[in-house]
Amino acid sequence: MDLFKQEIPKHFNLPQRIHRLPELAYNLWWVWTPDAQYLFSHIDSYLWECCRHNPVAFLSKVERPRLNAVISDRIYLERYDRLMAQFDAYLQAENTWFQQEYGKLSNQMIAYFSFEFGLHESLPVYAGGLGILAGDHLKEASDLGIPLVGIGFIYNQGYFVQHITEDGWQETGNYHLNFFEMPIYPLYELDGDPLMISIDLPGRKVYARLWKVEVGRVALYLLDSNVEENSPPDRELTSRLYSSDLEIRVSQEMLLGIGGVRALRALGYEPTVWHMNEGHSAFLALERIREMVSKGVELSTALEQVRASNVFTTHTPVPAGIDQFPLWLVDKYFPTFWQELGLTRDEFVDLGRQPQSWGDSLSMAVLAIHLSARTNAVSELHGEVSRRMWKFLFPECKKEEDVPIIHITNGVHTGTWLARRMRVLYDKYLGENWMDRIDDLDLWERLLDIPNEEIWAVRAHLKRKLIRFVTDRARQQWLSGNAHPVQTLAGGVLLDPHVLTIGFARRFATYKRGYLILSDYERLLRILNNPEMPVQIVFAGKAHPADEPGKLIIQQVYRAVKDSRTGGRMAFVEDYDMNISRALVQGVDVWLNTPRRPNEASGTSGMKAAINGALNFSVLDGWWREAYNGNNGWAIGEDLDYSDPNEQDRVDAESLYDILENEIVPLFYTNRTQNHVPLGWVARMKESIRTLLPQFSMQRMVKEYMRELYLPAAVAIDSHH
Ligand SMILES: *Cc1c(COP(=O)(O)O)cnc(C)c1O
């Protein structure tokens, strides 16, 4: 019997012949199924763009004559029928990878908690890589048939809209998201009231209602505190990501961890494995211990069982990046919690204690590590860094290698990030079902069968598409009447589809060193404006609104971009999101990344570029340190750590310019066939796709999570019963 109501809204007025389109719209399966997107975009492609590729908004706005036109279009209807059959087959499949490999575990459930989920630009509730990774993880769990449920927040003001002033200063605008025009829907009690959970915060209860997102076969539930029962400040608790206010942060993290467990209970879930994607959700462990103790389980047993079934993924290689709370906040927010667990305050704090120069604090990462039997880092190098960083928590380990933190290198969800034209090309040469075995290294040997001309033609198409995308955005900005002419130039209207194109798009955090390529500006100008072999660079990225140094780097980049001496060969695309990210990773020739090693725990945007045939040009940090083989891209600088950051900048910048000038540019422009196909370049591109696509796929990654973390946790719990 159902405990609550969960059904997609039915207010669309569609012709009977295509009445199932809302079902499709409310399941994000369309995000990684180009043929499903076609069913919307073909009805009205202009409206589809205006709605940011959001099918729910699209279906509420599309005009009846457009709908009437497609129901008399035989080809459209054939595609509709075929696609709906494929959708049903996907949802009902009984021969998934999980069922084949782990069929006897199908009554298990894995709960996946994350502060942000980046699934698509129409759900702008992510800030960057952490969220995109979580979104890709859910999609792949769906593809593999893994029984997994996600918990997070729906932020009604999203992250933020970025606007750059003529002088290059980042201004922030707010979204006011209309959830009823997004691919999510609210859950209700049987009596019609919104389904809610609550937690105790100082002096009050705070409530949150639940929304559901369907991600293929996986359900994601999002908490929303904007309900009448809450005071105005509490209604704002889930309005935006990453507040700098510690009290808001601790409240949000209590809502995610404690409220998330309660939400799963209210929904009837009994997960066996609990996965914390970063430490923000670590309070879930406390709530689970409290649950058990309140049912009469001994504290030591509860601790042991909760630990055995928790999995923690750390993403932060620098101590300053970790959420930690001063003890006065712990006293204020957990005044009775330790008594409920049967602990003293000191024993309670010990669960997450991290000594600081200013006194002890409660660290979310320490809490997560203490209360998870399995912890992983997100690349090989990050594994080394994490074992060094957390060794103090394991006094019994004599050597760093003995610290029990493994690594599982990140990956990207191929279907989400691969250009449609590249997918068609792989279909042709690898066989129709290649997506069922993306991580099969042998399969990718067949890539060499693709004729050079054919793959190059697709690449040229994707670059033209990127340049049209960038130009259209610049035109819209100019049309808005709010832009200075030089901003239209900076928006990329002088880009040329025949020129070697470098992409640099990511959060403008200082460690990403967006300024590095500008450090010898005169040399850069010579490289850009070489009349025989010109180069162009497209930038995009946001700085956190409170990150003044990050905003200064954007300004430095923007001032260079609009300098007439660049000849319009540099561009800055405002308001970086997944849409811009897709256009860039699919369209550029080279993907540049210049983090200050070892601060990039993994990085994933370079993987997205690689699967589309762009070549990585990056510091040997994060994933690239283990991916680079000498022939599948280029390495900036050495495989070394530096103690002096200025020295590191100097060495890396020199290496960057030398390789760009002496290797990358000539490889692109010389040794071309009569049809202008650069043979050396295409060979390197195939080597890059062949070695990187299978290895840095979400499919490989999620299978490793299953094997190394989820399965051992499920088995450990099973043996307790
Ligand atoms: C992939 C992606 C990221 C993560 O990029 P990295 O710099 O490689 O960590 C951030 N933002 C968006 C929009 C992305 O698509």
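My aim in this report is to walk through the structure given alongside it, one point at a time. Keep in mind that what you see is a predicted model, and the values were worked out from it rather than measured.

1. A closer look at the packing of aromatic side chains
Next up, step 1: The tally for this structure, following the rule as stated, stands at 42 aromatic pairs.
Next up, step 2: On the numbers, 6.1 Å between centres and 40° between planes, the contact of F113 with W274 is tilted. A residue pair is termed long-range when its members are at least 10 positions apart, and F113 in strand β2 (residues 110-114) and W274 in strand β11 (residues 273-277) qualify at 161 residues. Per residue, the accessibility class of F113 equals that of W274, and both read buried.
Next up, step 3: When the centroid spacing of 5.4 Å and the interplanar angle of 90° are considered together, the rings of Y426 and W444 count as edge-to-face. Within this pair, whereas Y426 is found in helix α19 (residues 420-430), its partner W444 is found in the loop between α19 and α20 (452-479), the two being separated by 18 residues in sequence.
Next up, step 4: Ring pairs connect the aromatic residues F283, F334, F337, W338 and F348, which therefore count as one cluster.
Next up, step 5: One residue, R217, lies across the ring of Y90, its end atom 4.2 Å from the ring centre.
Next up, step 6: Its guanidinium or amino end placed over the ring of F504, R506 lies 4.8 Å from that ring's centre, counting from NZ or CZ.

2. Comments concerning the site of the ligand
Next up, step 1: As a structural note, the neighbourhood of the ligand is formed by 14 residues, with K512, S581, T604, S605 and K608 the closest of them.
Next up, step 2: Between the ligand and S581, the relevant distance is 2.8 Å, taken from an oxygen atom to a side-chain nitrogen or oxygen of the residue.
Next up, step 3: Coverage of the ligand by the protein amounts to 94% of the 390 Å² it exposes when considered alone.
Next up, step 4: Taken together, the elements giving at least two residues each to the shell around the ligand come down to α8 (129-144), α24 (578-587) and α25 (605-611).
Next up, step 5: Per-class residue counts for the shell around the ligand are four nonpolar, six polar and four charged.
Next up, step 6: Looking at which domains feed residues into the shell around the ligand, each of domain 2 (110-327 + 365-410 + 702-720) and domain 3 (500-556 + 576-625 + 634-695) supplies at least three.

3. Points about the nonpolar core
Next up, step 1: Membership of the largest hydrophobic core comes to 157 residues, with the highest contact counts inside it found for L21, F283 and F334.
Next up, step 2: Here the element with the most residues in this core is helix α29 (residues 698-718); it accounts for nine residues.
Next up, step 3: When residues of this core are assigned to domains, at least three map to each of domain 1 (5-92) and domain 2 (110-327 + 365-410 + 702-720).
Next up, step 4: If near-sequence neighbours (up to four positions away) are discounted, F334 is found in contact with M254, I258, F283, L286 and F348.

Rules behind the numbers
Residues numbered from 1 in each chain as written. Predicted model: local features only at pLDDT ≥ 70, side-chain atom pairs only at ≥ 80, totals over all residues. Heavy atoms only, no water. Phe/Tyr/Trp six-rings, centres within 6.5 Å; stacked < 30°, edge-to-face > 60°. Helix = DSSP H or I, 4+ residues; strand = E, 2+ residues; numbered from the N terminus. Buried < 20%, exposed > 50% of the residue type's maximum accessible area, 1.4 Å probe, protein only. Lys NZ or Arg CZ within 6 Å of the ring centre and 35° of its normal. Near = heavy atom within 4 Å. Polar contact = N/O pair within 3.5 Å; in protein donor to acceptor, adjacent residues only side chain to side chain. Areas by Shrake-Rupley, 256 points an atom, 1.4 Å probe, with all protein chains shown as cover. Nonpolar A, V, L, I, M, F, W, Y, C, P; charged D, E, K, R; others polar. Domains from an automatic or database assignment. Core = buried A, V, L, I, M, F, W, Y, C linked by side-chain atoms within 4.5 Å. Contact = heavy atoms within 4.5 Å.

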